[in-house]
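Overview (structure and organization)
So the chains spell out like this:
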Amino acid sequence: MIEKCLFPAAGYGTRFLPATKAMPKEMLPIVDKPLIQYGVEEALDAGMHHIGMVTGRGKRALEDHFDISYELEDQISGTAKESALDGIRRLIRDCSFSYTRQIEMKGLGHAILTGRPLIGDVPFGVVLADDLCLNHGGPGVLAQMVELYRQFRCSIVAVQDVPRADTASYGIVEGETIRGDVMRVTRMVEKPKPEDAPSTLAIIGRYILTPDIFGLIESTPPGRNGEIQLTDALNEQARRGCVIAYRFKGRRFDCGSVAGYLEATNHVYRSRLDDAAT
Ligand code: UTP
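Residues numbered from 1 in each chain as written. Predicted model: local features only at pLDDT ≥ 70, side-chain atom pairs only at ≥ 80, totals over all residues. Heavy atoms only, no water.

Points about the site of the ligand
Defined as follows: Proximity criterion: a residue is near a molecule or strand once any of its heavy atoms comes within 4 Å of it. Polar contact criterion, stated in full: a pair of N or O atoms within 3.5 Å, where within protein one must be able to donate a hydrogen and the other to accept it, and residues adjacent in sequence count only if both atoms are side-chain atoms. Residue-level accessible areas treat just the shown protein chains as cover; the underlying method is Shrake-Rupley with a 1.4 Å probe. The nonpolar class holds Ala, Val, Leu, Ile, Met, Phe, Trp, Tyr, Cys and Pro. Asp, Glu, Lys and Arg form the charged class, and all remaining residues, Gly among them, are polar.
Around the ligand, 18 residues are found, and the nearest of them are Thr 14, Arg 15, Lys 25, Gln 102 and Gly 107. At 2.9 Å from an oxygen atom of the ligand is found a main-chain nitrogen or oxygen belonging to Gly 11. Within the backbone of Lys 106, an N or O atom sits 3.3 Å from an oxygen atom of the ligand. Bound to the protein, the ligand loses 80% of the 570 Å² it would expose on its own. Taken together, the residues of the shell around the ligand sort by class into 8 nonpolar, 5 polar and 5 charged.

Below you can see the structure in the form of structure tokens.
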């Protein structure tokens, strides 16, 4: 249904310095697998097999990760270690990968616009790989969103209830409930103070966007720090009644922060131990 997924991955990752000085934050491992690989697995499981990445300076490791490493493969061929690469080999086999560079880091909206040549004129998924989303034993968050897209045929944003004190870290939605976990968005506010937030439903790093978003981003004037926000363009779609907010099933970890990263690492490690024991 939706075949393309865009990964904006050009950000500096300043919350994770010095680790991210010369290494993309998307390559940080959760146990033994980099964040970007979890994201691509989630996209492929939702049927999105054309992967587009918006990268930047110092992000070459992302391209190398989704490529064959002949010397390494030759070295471990026939040993027990070979199976450690099964997951990444499946992605390399079943997905196509294309890349473009964001030359100036002018915000998420600008990064998505930079990815336009990789997407074209079709609806597409967006994954911010530093948000790790897991739904153990059930469909991934993007796959859940594709099901909703089938019904509504408009942009879908994944939302999560957050403590009111944290609203200033997120885009916050206001809308009308259609059914328990689904709302039609009327308005979004970027990083509101707790007292100004219209709700406590925060947009996290999973979207399905209709391609008219590109034109809307193009006509969005830069805001604070010269950044072009995605929220402004989404607000225009919301005014037309074309944005659905979805309270997804599963857990989301903010792995762009040290605390979220550690929580995710502990969670995945414990799940693996539990799975091994059963
Ligand atoms: P963040 O807000 O997490 O920014 O971006 P950041 O630079 O990655 O990290 P911190 O806050 O400095 O620690 C959200 C997502 O948008 C991408 C980032 O790579 C991340 O996936 N992004 C952001 C871009 O691709 N380009 C930009 O100009 C800004």
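Overview of the nonpolar core
Threshold: The criterion is simple. A nonpolar core is a set of buried Ala, Val, Leu, Ile, Met, Phe, Trp, Tyr and Cys residues joined through side-chain atoms within 4.5 Å. When a residue's accessible area, from a 1.4 Å probe over protein chains only, is under 20% of the maximum for its type it is buried; when over 50% it is exposed; and in between it is partly exposed. A run of DSSP states H or I qualifies as a helix once it reaches four residues; a run of E qualifies as a strand once it reaches two. Both are numbered from the N-terminal end. Every residue pair with non-hydrogen atoms within 4.5 Å of one another is taken to be in contact.
Of all hydrophobic cores here, the largest spans 40 residues; its most connected members are Phe 7, Ile 36 and Val 40. Elements with a minimum of two residues in this core: strand 1 (4-8), helix 1 (35-45), strand 4 (50-55), helix 4 (86-94), helix 7 (141-152), strand 8 (155-161), strand 11 (201-209) and strand 12 (243-247). Broken down by element, this core gets its largest block of residues, 8 residues, from helix 7. In contact with Ile 36, not counting residues within four places along its chain, are Phe 7, Glu 26, Met 27, Met 53, Leu 62, His 65, Phe 66 and Ala 129.

Structural notes on unusual backbone geometry
With an omega of 5 degrees, the peptide bond running from Leu 17 to Pro 18 counts as cis. If you trace the backbone, Pro 18 turns up in the loop between strand 1 and strand 2 (29-30). The backbone phi angle of Val 31 is positive, close to 65 degrees, even though this residue is not glycine. Checked against the element boundaries, Val 31 lands in the loop between strand 2 and strand 3 (33-34). The exposure class of Val 31 is partly exposed, given its relative accessible area of 32%. Non-glycine residue Lys 191 carries a positive phi angle of around 50 degrees. Topologically, Lys 191 is positioned in the loop between strand 10 (182-190) and strand 11. Relative accessible area serves as the criterion here: at 38%, Lys 191 is assigned to the partly exposed category.

A short note on helix 9 (residues 230-239)
Here helix 9 lies mainly inside the structure; 7 of its 10 residues are buried. Among all positions of helix 9, only Leu 230, Thr 231, Ala 233, Leu 234, Asn 235, Gln 237 and Ala 238 are buried. Next to the buried residues of helix 9 lie helix 5 (108-114), strand 8, strand 10, strand 11, helix 8 (212-218) and strand 12. Downstream of helix 9 by a residue or two, Gly 241 has a phi angle that is positive, lying close to 80 degrees.

Comments concerning the pattern of salt bridges
Rule in force here: Only one rule defines a salt bridge in this text: a Lys or Arg side-chain nitrogen within 4 Å of an Asp or Glu carboxyl oxygen.
Applying the stated rule across the entire model yields 23 salt bridges. Put simply, Asp 131 and Arg 252 hold a salt bridge, and the shortest N to O gap is 3.0 Å. On the criterion of sequence distance, the pair formed by Asp 131 in strand 7 (residues 131-134) and Arg 252 in strand 13 (residues 251-254) is long-range, its members being 121 residues apart. The exposure class assigned to Arg 252 is buried, which follows from its relative accessible area of 14%. One salt bridge in this structure joins Glu 174 and Arg 187, with 2.9 Å as the shortest N-O distance. On the criterion of sequence distance, the pair formed by Glu 174 in strand 9 (residues 171-179) and Arg 187 in strand 10 is long-range, its members being 13 residues apart. Linked through salt bridges whose partners overlap, the residues forming this network are Asp 212, Glu 236, Arg 239 and Arg 240.

A few points about the pairing of strand 11
Rule in force here: Two strands are said to pair when DSSP picks up at least two bridges between them.
Across the 9 residues of strand 11, 9 count as buried, placing the element largely inside the fold. As paired elements, strand 6 (residues 124-127) and strand 11 share 4 bridges and run antiparallel to each other. Bridge pairing links Val 127 to Arg 206 in strand 11. Strand direction decides the pairing type here: strand 8 and strand 11, joined by 5 bridges, are antiparallel. Directly across from Ile 156, in strand 11, lies its bridge partner Ile 208.

Digging into the packing of aromatic side chains
To be explicit about the condition: Note on ring pairs: Phe, Tyr and Trp rings are taken, using the six-membered ring of Trp, and paired if centres are within 6.5 Å. Classes follow the plane angle, with under 30 degrees stacked, over 60 edge-to-face and the rest tilted. We count a charge as sitting over a ring when the NZ of a lysine or the CZ of an arginine lies within 6 Å of the ring centre and within 35 degrees of the ring normal.
For the structure on display, the rule yields 3 aromatic pairs. Both rings, one in Phe 66 and one in Phe 97, keep their centres 4.6 Å apart while their planes meet at 25 degrees; by these two values the pair is stacked. Taken together, the residues Phe 66 in the loop between helix 2 (60-65) and helix 3 (70-76) and Phe 97 in strand 5 (residues 96-101) connect sequence positions 31 residues apart. Here Phe 66 falls in the buried class, since its relative accessible area comes to 6%. Where Phe 124 meets Phe 214, the ring centres are 5.2 Å apart and the plane angle is 0 degrees; that geometry is what we call stacked. Remark: Phe 214 occurs in helix 8 and Phe 124 occurs in strand 6; sequence separation between them is 90 residues. Both residues of the pair, Phe 124 and Phe 214, belong to the buried class. Taking NZ or CZ as reference, Lys 33 lies 4.4 Å from the ring centre of Tyr 38, over its face.

Shape descriptors only; they carry no functional weight alone.
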